[in-house]
Amino acid sequence: MDDDVISIASSGEGEEDRRAILDPVVRRVVDALGGFEDGVYRMGDEAVGCLRDLKKLWRLDDSDDERTVARIFWETRVFSNDLVPILLATAGKGLVEDKRAIACADLMTAMTWPIDMAEELKELDDARDKGTDYTELTFSHLNYKAALLKPGVMQALFGIILPPLSKPVKERSERDGQLVNVILHLVRNLAFIKDLPVNLHLSGDQAEYSSLQTKLIKAYSETNMLDLLLTIASNSDNDPLFNSFNTLVLEIFYLLFRGLKPSTLAINQTKQPTQDLRRLLAAEDRRKRDAARYASSRHSQFGTTLTVQLNPKRKTQDAQDTHEESQGPAPTRPLVLHRQAAISKESGDVLDIAKQHKWKKTNKVDELTREDNLSTEARMVLQGFAREFVESCFNPFLASLLRDIKSERPKITEKDHLRLLYTTKWLLEFFLVSRSRENAVDGPRKWSLGLVAEVTDRSWIVWVLRRMRGAMDEKPKMWTELQAGIECLTQLLLLIDTMSSSVISDSNLDEAARLLQQQLIYNGDVLDIALDSLRSFKEGTQSLAYLNASVYLSYALLRMLEKWGKRNSGAMYVRKKKASKKKKGKVHGITENDGVPDVEEEVVDEDSAEEVIHETMFTFEAFEMKFAHPDVTRTLLAYLSRYKEFDSPELMTRVVNLMHRQAVKVKAEGLYFNVSTLQLFKTILDDERSLPKETPYKDLVRLLTFILRRFFKALDEEPFLAMEALYPMNRGHWKQYSSWEPERTSGRIREATEENRNSTEVQVKKGYSWSEQIGIAVAALIEDGKTELVEWVKDILVLVICHRQRVVEETDQKDRDDDENAEDAPWQSIGPSKEASSKFTDYVIPYINDEHADAATKNPTLKLMFRLLGFTIEAEDAEELQWVVPAKIVPSALQSAHDVVDQYLRNPIDLEGKKAGELITKKARRRRRRRSVTPNTDVELPDDEPKRRKAKKKREEKTYKSAQFIEDSDEECGDMEAFLEREKALRERTAKAAEESGQIATMRATGTKKRRKKAKDDSGSKRARTKSPGPGGDYSGQLAVNVDSDDSGTASDDDPILRSLRSSRSPTPPPQSIPAPAPKPRPKPRLVQKKSSERRPIRISSDSDQEPLLQQPPAASRSQPKRRLVLSDDEM
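Residues numbered from 1 in each chain as written. Predicted model: local features only at pLDDT ≥ 70, side-chain atom pairs only at ≥ 80, totals over all residues. Heavy atoms only, no water.

Describing the overall build of the protein chain
Here's step 1: What the protein chain contains, in helices and strands, is 46 helices and 13 strands.
Here's step 2: Evaluated residue by residue, the protein chain yields a buried proportion of 42% over its 1132 residues.
Here's step 3: Contacts in the protein chain between residues at least 24 apart in sequence constitute 77% of all its contacts with a sequence separation of at least 6.
Here's step 4: Counting every atom, the protein chain has about 65700 Å² of accessible surface; 50% of that belongs to carbon and sulfur. (Helix = DSSP H or I, 4+ residues; strand = E, 2+ residues; numbered from the N terminus. Buried < 20%, exposed > 50% of the residue type's maximum accessible area, 1.4 Å probe, protein only. Contact = heavy atoms within 4.5 Å. Areas by Shrake-Rupley, 256 points an atom, 1.4 Å probe, with all protein chains shown as cover.)

Shown next as structure tokens:
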């Protein structure tokens, strides 16, 4: 039989019709199974072989998108007519180990396997599978589910799974595990099949398919199948067989719980029908009132006909204009209304009723849950099951799943992450609601917080944040998993809030809650997720449940932070990650000091960008200000527009609270100054009478009234707001129309703060070594009663040493492991390698409390110690100084500094009776030298003179590298009258020398182009002579005088003009030489030829500081006063 099936399938699949070949084969095998005789099912002689053949035929659908074999099985009704009777005839009568019973269970599991419609539709071929229809297959699953719910079937399946589980662990075989796996998958398949929606117009047979889930839950309870699931969940940490099924049990829990809301299941189920009836009647009454408000009055005994004139105040025009307008449509034509509502209401509202509404993209309600029509009995069963699970299975089951996820077991799939997030969220919400309904007056609460302590563990919070971060980074984003993570995180925040509530008097719980809150704030991911989830919502992209979850998370987080801020006055810091450029050889991870809720350490690829972590101070006001964003407002308005669908006042409380924070606390009411927003407010105010009478709805009306008053007040002050309201309030436009004002910081206060900070800089008096200076600083802190600051410095050094020593060990120890003869830790004295040193990063010193932050900014002695230890400051002008341990300091140097500080802390330095404060003095303040401009009232500069000077200055900076040393000042020559006298005497002597020699002063005596080559031989010796120091020890002989750039010949020493210039030095006495060292003689100015093509003015100066391009003189000569002698242009 097996060979026939294989040969037929292989030979006819590609040529003939697949169904025509497989149909007779399947029917022949089904007929051989057996049949009913006198009301009793008689199995055939080859029933086991036929069941195996059916399983082989079923596997042919693995490569068939049409699922031909499944459709033939459904048509033959083999499931209900053969498989179920065989199971009842074998396992139902105690033959639980019969091969026929096991084969039937295996085939039932295959036939009820869930169909993933989304994946099936993706795999369909557009041309070949155009007419594929899965409706028949989904209906067949409903029939199979109904067949398995017959009396005795579930008990028979439970009897099959019980013997393998009752064996000791050492006696179990692989087949036992496979058998348990098959039955649990069958239980999962039945829970997956969705019932038909409740419909009064369905037939009796089809109406039965709308309550199958209720029958299934009751059957699981009656056959102890739910107890078996609890046993597997509670022992998944101890038994390896149970641990292998924890993901399958998790999926079953998810399928059972997703059809109900935890809040409705936690209450008394006997009163639930009455509450549902009251809710439905209220909804019906509300719909009737809405319908009556806009109902037509055609059949009323009072008819209504109204004429509405558009723009009645428009002036009438003359007949010619009327004639011209008659050719086109009249803009003032009247409108006729036939509704009685037009008498008392605005005409515009009545006209809007008849308008054609634009179609909007519909939103999905929820992609994670479904609505199961369960009876009260089924709800009570699930309520007891959930209570038992929380009390006995929650912590071990969650720990085993998280351990498998960390180990990356093959059984873990992507959907298991989603199921775990949703199931944990569901159970946490069920726990919190049930606990809040307990009466704590009669005695201690039955539901202690220790029942769900696993979710407060670091590993769990790390995993949740990592999954949410991964869902946000995916493209496209995984909105469904992000929704589950948001809901789970919200319940975690509510649990922490419950731990810190005043109702609980346990100090340990309060301390644990405070620590968790502090670490969640420091991590920063929760703050970013809450803000990003609101800003990223777009109608039609995410479901309405995602919108509700985002609003709920922000509401719970802001409430928790507000309470935390009132109870804790100390400063808190938030860690921010910023992408930086990749540094070669650097691998970053998360240290133990980063707080509990963080992503675990991962090896970062070298090609990926590194993340630099910065710490910023957290304030609740600043974080609340971040919610003043147009995208957040748009999300809140989308949530508020569904106010008629709210089934609980709590939903209205959340959105009103967030809107109040924006409009009132943050003073960002301008975000709501938009036409569409005002239209929504008008609609809500018109329905004020029909709104519920609860407090949140009254608060909503008051809030809307406040915003509208602000809008009209702003409109009076700025009429242009009428145009701005037509456009979104993006890019901060709302700020100019709101009462929000930026923080103003006075420049004088900032300068005074900077002066005070600089004035408190201190230093140790001279004459002490580095270690003694540290000892004096330690003694000064101890004298001031600041010993805890010294201990803080030691803690900082220990942390940095450990961190960098770990880097050295990870990097350098690998290279030394190959040397077996090496002694114990000899490499520690060698120091880190270059590779290890390159991995060091600057360590930003965190401030644990306000005292440390203030001391690091204002305490001069502590700042002195930091500087002595080599610490640096990120920004000197910051209001709060941030100290950094540079990466260049090796661990050995840090260890030496730590030993010195610890030594002087234990044994204070001996100051010979003096106090440490006496040896510390203030640093001299560095004053910037400002340029003083001498006013000259006699000379009046033209208007363009400043511009001309700036342009000249720029040209000098481009041409001369010495422009930065040249100062534009009129006082550089000293006394003007004495200078003019010297100039006059110089001109007279020059003219007299020219008359005696018969030559012009501006011409050279010799030096043509032909003689330039000959001058090269003598130029070297002349340069050497000019560079020799004179008797005064000055190098003023290096000063050059360029006479003519076109003729660069060497001037003769016998030139009378040159002799006259040498004798025409300034009459001012020469500067006194410094006795030690022995000064060298100062040479007279010498005319030196320069090989340059640039023209320079004739300048003779005795001060070499004015020519920075040349070699600078010694310090002794630089201190001499400046004197200069310049020939004027007239003499040239």
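Some remarks on the nonpolar core
Here's step 1: The biggest cluster of nonpolar side chains holds 206 residues, and the ones touching the most others in it are W460 and F681.
Here's step 2: Excluding residues that lie within four positions of it along the chain, W460 makes contacts with L398, L402, L420, T424, E454, V455 and C488.
Here's step 3: V762, Y847, L869 and L894 belong to the second-largest nonpolar core, a separate cluster that totals 47 residues. (Core = buried A, V, L, I, M, F, W, Y, C linked by side-chain atoms within 4.5 Å.)

Observations regarding the pattern of salt bridges
Here's step 1: Tallied over the entire structure, the rule returns 39 salt bridges.
Here's step 2: A salt bridge links E624 to R661; the nearest nitrogen and oxygen atoms lie 2.9 Å apart. One end of the pair, E624, is in helix α29 (residues 620-625); the other, R661, is in helix α31 (residues 649-665), with 37 residues separating them in the sequence. Just as E624 is buried, R661 falls in that class too.
Here's step 3: Shared partners join several salt bridges into a network, and the residues in it are R19, D23, R27 and E75. (Salt bridge = Lys/Arg side-chain N within 4 Å of Asp/Glu carboxyl O.)

What about the environment of I252?
Here's step 1: Checked against the element boundaries, I252 lands in helix α15 (residues 246-257).
Here's step 2: Each C-alpha atom, one on I252 and one on R419, is 9.7 Å from the other, the two residues being 167 residues apart in sequence.

Concerning the confidence of the model for the protein chain
Here's step 1: Taken as a whole, the protein chain shows an average pLDDT of 74; of its residues, 68% reach a score of 70 or greater.
Here's step 2: Ignoring residues within four places in sequence, the model shows residues 820-829, a span with pLDDT below 50, making five contacts including any to other chains. (pLDDT = per-residue confidence, 0-100.)

Considerations on the pairing of strand β2 (residues 40-43)
Here's step 1: Where strand β1 (residues 34-37) meets β2, four bridges bridge the pair, whose relative direction is antiparallel. Bridge pairing in β2 places G35 opposite R42.
Here's step 2: If you look at the hairpin formed by β1 and β2, you'll find two residues sitting between the two strands, and D38 has a positive phi there, around 60 degrees. (Pairing = 2+ DSSP bridges.)

Considerations on the packing of helix α36 (residues 770-783) against helix α40 (residues 860-868)
Here's step 1: The contact between α36 and α40 brings their axes to 9 Å, and the two run at 155 degrees. By the angle class used here, α36 and α40 are roughly antiparallel. Considering how the two elements wind past one another, α36 and α40 form a crossing that is left-handed. Counted together, W770, Q773, I774, A777, V778, A780 and L781 of α36 and T861, L862, L864, M865 and L868 of α40 form the full contact between these two elements.
Here's step 2: Among the residues forming the contact of α36 with α40, the class breakdown is ten nonpolar, two polar and no charged. (Axes fitted to C-alpha atoms, helices over the stretch in contact; angles between N-to-C directions. Parallel < 35°, antiparallel > 145°, perpendicular 65-115°, else oblique. Left-handed = near helix turned anticlockwise from the far one by under 90°. Nonpolar A, V, L, I, M, F, W, Y, C, P; charged D, E, K, R; others polar.)

Here we look at a nonpolar patch on the surface
Here's step 1: Where nonpolar side chains cluster on the molecular surface, the patch consists of V675, F720, M723, L726 and Y727 and spans about 510 Å² of accessible area.
Here's step 2: Looking at where Y727 falls in the secondary structure, it is placed in the loop between α34 (721-724) and α35 (747-759). (Patch = residues over 30% accessible without salt bridge, like charges linked within 9 Å, V, L, I, M, F, W, Y side chains within 5 Å.)

Let's talk about the sheet that holds strand β9 (residues 872-873)
Here's step 1: Strand order in this open sheet of three strands is β8-β10-β9, and the pairing throughout is antiparallel. Looking at which strands have only one partner, the edges of the open sheet turn out to be β8 (843-844) and β9.
Here's step 2: Where β9 meets strand β10 (residues 883-885), two bridges bridge the pair, whose relative direction is antiparallel. Counterpart to T872 in the pairing with β10 is V884.

Quick word on unusual backbone geometry
Here's step 1: In this structure, the amide linkage connecting K475 to the following residue, P476, adopts the cis form with an omega of -5 degrees.
Here's step 2: Mapped onto the elements, P476 comes out in the loop between α24 (458-473) and α25 (479-499).
Here's step 3: The phi torsion at N224 lies on the positive side, around 65 degrees, for a residue other than glycine.
Here's step 4: Position of N224 relative to the elements: it lies in the loop between α12 (212-222) and α13 (225-234).
Here's step 5: With a relative accessible area of 38%, N224 lands in the partly exposed category.
Here's step 6: For E408, which is not a glycine, the phi torsion comes out positive at approximately 55 degrees.
Here's step 7: Of note, E408 is situated in the loop between α22 (394-407) and α23 (414-436).
Here's step 8: Residue E408 is classed as exposed on the basis of its relative accessible area, which comes to 69%.

So, the side chain of N523
Here's step 1: If you trace the backbone, N523 turns up in helix α26 (residues 507-523).
Here's step 2: At a separation of 3.0 Å, a polar atom in the side chain of N523 contacts the main-chain amide nitrogen of D525. (Polar contact = N/O pair within 3.5 Å; in protein donor to acceptor, adjacent residues only side chain to side chain.)

Points about α23
Here's step 1: The terminal C-alpha atoms of α23, which comprises 23 residues, lie 34 Å apart, in line with the 33 Å expected from a rise of 1.5 Å per residue.
Here's step 2: With respect to burial, α23 is a largely interior element, 20 of its 23 residues being buried. (Expected span 1.5 Å × (residues − 1).)

Topic: helix α21 (residues 376-392)
Here's step 1: The terminal C-alpha atoms of α21 lie 24 Å apart, and with 17 residues this matches the ideal 24 Å at 1.5 Å per residue to within 8%.
Here's step 2: Looking at the buried residues of α21, the elements they touch are α12, α13, α15, α16 (262-265), α22 and α23.

A closer look at the packing of aromatic side chains
Centre distance and the angle of the planes are the two values used to describe a pair of aromatic rings.
Here's step 1: Considering all chains together, one arrives at 27 aromatic pairs under this definition.
Here's step 2: Residues F139 and Y209 carry aromatic rings whose centres are separated by 5.5 Å and whose planes lie at 80 degrees to one another, so their mutual orientation is edge-to-face. Separated by 70 residues along the polypeptide, F139 in helix α8 (residues 135-148) and Y209 in the loop between α11 (204-208) and α12 bring together distant segments of the chain.
Here's step 3: What makes Y209 buried here is its relative accessible area of 10%. (Phe/Tyr/Trp six-rings, centres within 6.5 Å; stacked < 30°, edge-to-face > 60°.)

A few points about the environment of L248
Here's step 1: As for its placement among the helices and strands, L248 is situated in helix α15.
Here's step 2: Given a relative accessible area of 7%, L248 falls into the buried group.
Here's step 3: For the pair L248 and L229, spaced 19 residues apart in sequence, the C-alpha to C-alpha distance is 9.9 Å.
Here's step 4: Sequence-distant contacts of L248, that is, excluding residues within four places in its chain, are made with N181, L184, H185 and R188.

Overview of the environment of P164
Here's step 1: The residue P164 is located in helix α9 (residues 153-166) in this model.
Here's step 2: Overall, the relative accessible area of 3% leaves P164 in the buried class.
Here's step 3: Taking the C-alpha atoms as reference points, P164 and E97, separated by 67 residues in sequence, lie 9.9 Å from one another.
Here's step 4: The contact partners of P164, leaving out residues within four places of it in the chain, are R172, D176, L179 and V180.

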